[in-house]
Amino acid sequence: MTKKKNETYEWVKSIMGALVLIFIIRTFFFTPIVVDGASMNPTLQDEDRMIVTKIGEPKRFDIVVFHAPDGKDYIKRVIGLPGDRIEYKNDVLYINGKVYNEIYLEKYKKGINEGTLTDSFTLKETAVGSDTVPKGCLFVMGDNRRHSTDSRHIGAIPMEKVIGTTNVVFYPIKEIKIINN
């Protein structure tokens with residue numbers, strides 16, 4: 001009887017240890033997320049499953065997941081960092097007056113028959129409402145610029161609302177990939 005109790009105790013202890021380890025990993029290091037919608041097309045597809053890394057600060061053109069003002073989690077691309085001046089003119093991105101080539105959008109832009117992928121704007125003309133990205137915030141946009149609710153509409157994203165960065169699609173299996181910025 002004592003041997004059986006010891007064995008049961010060891011099993012319970014092992015399972016509890018595994019659960020604690022899973023909790024720590026999901027809380028502080030990695031978590032899965034499901035892409036909901038088409039705002040990141042063609043880079044990401046609706047229902048893609050990804051791994052979010054909670055380690056490190058987001059960099060320009062990283063894909064981030066954050067808590068949006070409407071209570072949902074959004075996935076978008078970092079365009080502007082704190083202090084940046086952002087402007088789009090004729091589908092060209094200018095950051096602090098310098099042209100940035102958005103390689104991840106080139107193929108998508110070629111498929112557009114009418115107009116531009118990204119309408120022209122300055123940061124002040126967006127929901128951010130200032131000349132620069134505020135301190136401690138990010139300016140984010142979806143890759144599907146015509147159909148994305150992003151910083152142009154909801155404003156700058158405070159860093160404390162950012163869950164983490166992501167670039168690994170692990171499902172569907174035939175679409176497993178690492179996304180390069």
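Residues numbered from 1 in each chain as written. Predicted model: local features only at pLDDT ≥ 70, side-chain atom pairs only at ≥ 80, totals over all residues. Heavy atoms only, no water.

(A) Seen up close, the overall build of the chain. Across its full length, the chain holds 3 helices and 12 strands. Relative to its length of 181 residues, the chain is extended, with a C-alpha radius of gyration of 21 Å against a globular reference of 16 Å. Among the 181 residues that make up the chain, the fraction classed as buried is 36%. Restricting the contact set of the chain to residue pairs at least 6 apart, pairs at least 24 apart contribute 58%. Surface exposure of the chain reaches about 11000 Å², of which carbon and sulfur atoms provide 57%. The centroid of the 26 positive side-chain charges in the chain is displaced by 6 Å from the centroid of its 23 negative side-chain charges. (Helix = DSSP H or I, 4+ residues; strand = E, 2+ residues; numbered from the N terminus. Rg over C-alpha atoms; globule rule 2.2 N^0.38 Å. Buried < 20%, exposed > 50% of the residue type's maximum accessible area, 1.4 Å probe, protein only. Contact = heavy atoms within 4.5 Å. Areas by Shrake-Rupley, 256 points an atom, 1.4 Å probe, with all protein chains shown as cover. Lys, Arg positive; Asp, Glu negative; His and termini not counted. Charge placed at Lys NZ, Arg CZ, Asp CG, Glu CD.)

(B) Region of the structure containing the confidence of the model for the chain. On average, residues of the chain score 89 in pLDDT, and 96% of them are at 70 or above. Per-element confidence in the chain is highest for strand S9 (residues 137-141), whose mean pLDDT is 98, and lowest for helix H1 (residues 2-28), whose mean pLDDT is 76. (pLDDT = per-residue confidence, 0-100.)

(C) Highlighting unusual backbone geometry. Note the cis peptide between Asn 41 and Pro 42, where omega equals 0°. Here the residue pair Tyr 171 and Pro 172 is connected by a cis peptide bond, since its omega of 10° sits within 30 degrees of zero. Position of Pro 172 among the secondary structure elements: in the loop between strand S11 (162-171) and strand S12 (177-178). Not every positive phi belongs to a glycine, and Phe 61 is a case in point at roughly 75°. Tracing the sequence through the fold places Phe 61 in the loop between strand S2 (49-53) and strand S3 (63-67). Among the residues examined, Phe 61 registers a relative accessible area of 12% and is labelled buried.

(D) Structural detail: a nonpolar patch on the surface. Nonpolar side chains collect at one region of the surface, where Trp 11, Val 12, Ile 15, Met 16, Leu 19 and Ile 22 lie side by side and expose about 630 Å² of accessible area between them. By the element assignment, Val 12 lies in helix H1. (Patch = residues over 30% accessible without salt bridge, like charges linked within 9 Å, V, L, I, M, F, W, Y side chains within 5 Å. Salt bridge = Lys/Arg side-chain N within 4 Å of Asp/Glu carboxyl O.)

(E) Focus on the packing of aromatic side chains. Counting across every chain of the model gives 5 aromatic pairs. With centroids separated by 5.8 Å and ring planes inclined at 65°, the aromatic side chains of Phe 66 and Tyr 74 adopt a geometry described as edge-to-face. Judged on exposure class, the residue Phe 66 and its partner Tyr 74 are both buried. Geometrically, the ring pair formed by Tyr 88 and Phe 121 is tilted, given 5.3 Å between the ring centres and 35° between the ring planes. A residue pair is termed long-range when its members are at least 10 positions apart, and Tyr 88 in strand S5 (residues 86-89) and Phe 121 in strand S8 (residues 121-122) qualify at 33 residues. Residue class for Tyr 88 comes out buried when judged on its relative accessible area of 1%. Given the relative accessible area of 8%, Phe 121 is considered buried. Taken together through their ring pairs, the aromatic side chains of Phe 61, Tyr 100 and Tyr 104 make up a single cluster. One residue, Arg 77, lies across the ring of Tyr 104, its end atom 3.6 Å from the ring centre. (Phe/Tyr/Trp six-rings, centres within 6.5 Å; stacked < 30°, edge-to-face > 60°. Lys NZ or Arg CZ within 6 Å of the ring centre and 35° of its normal.)

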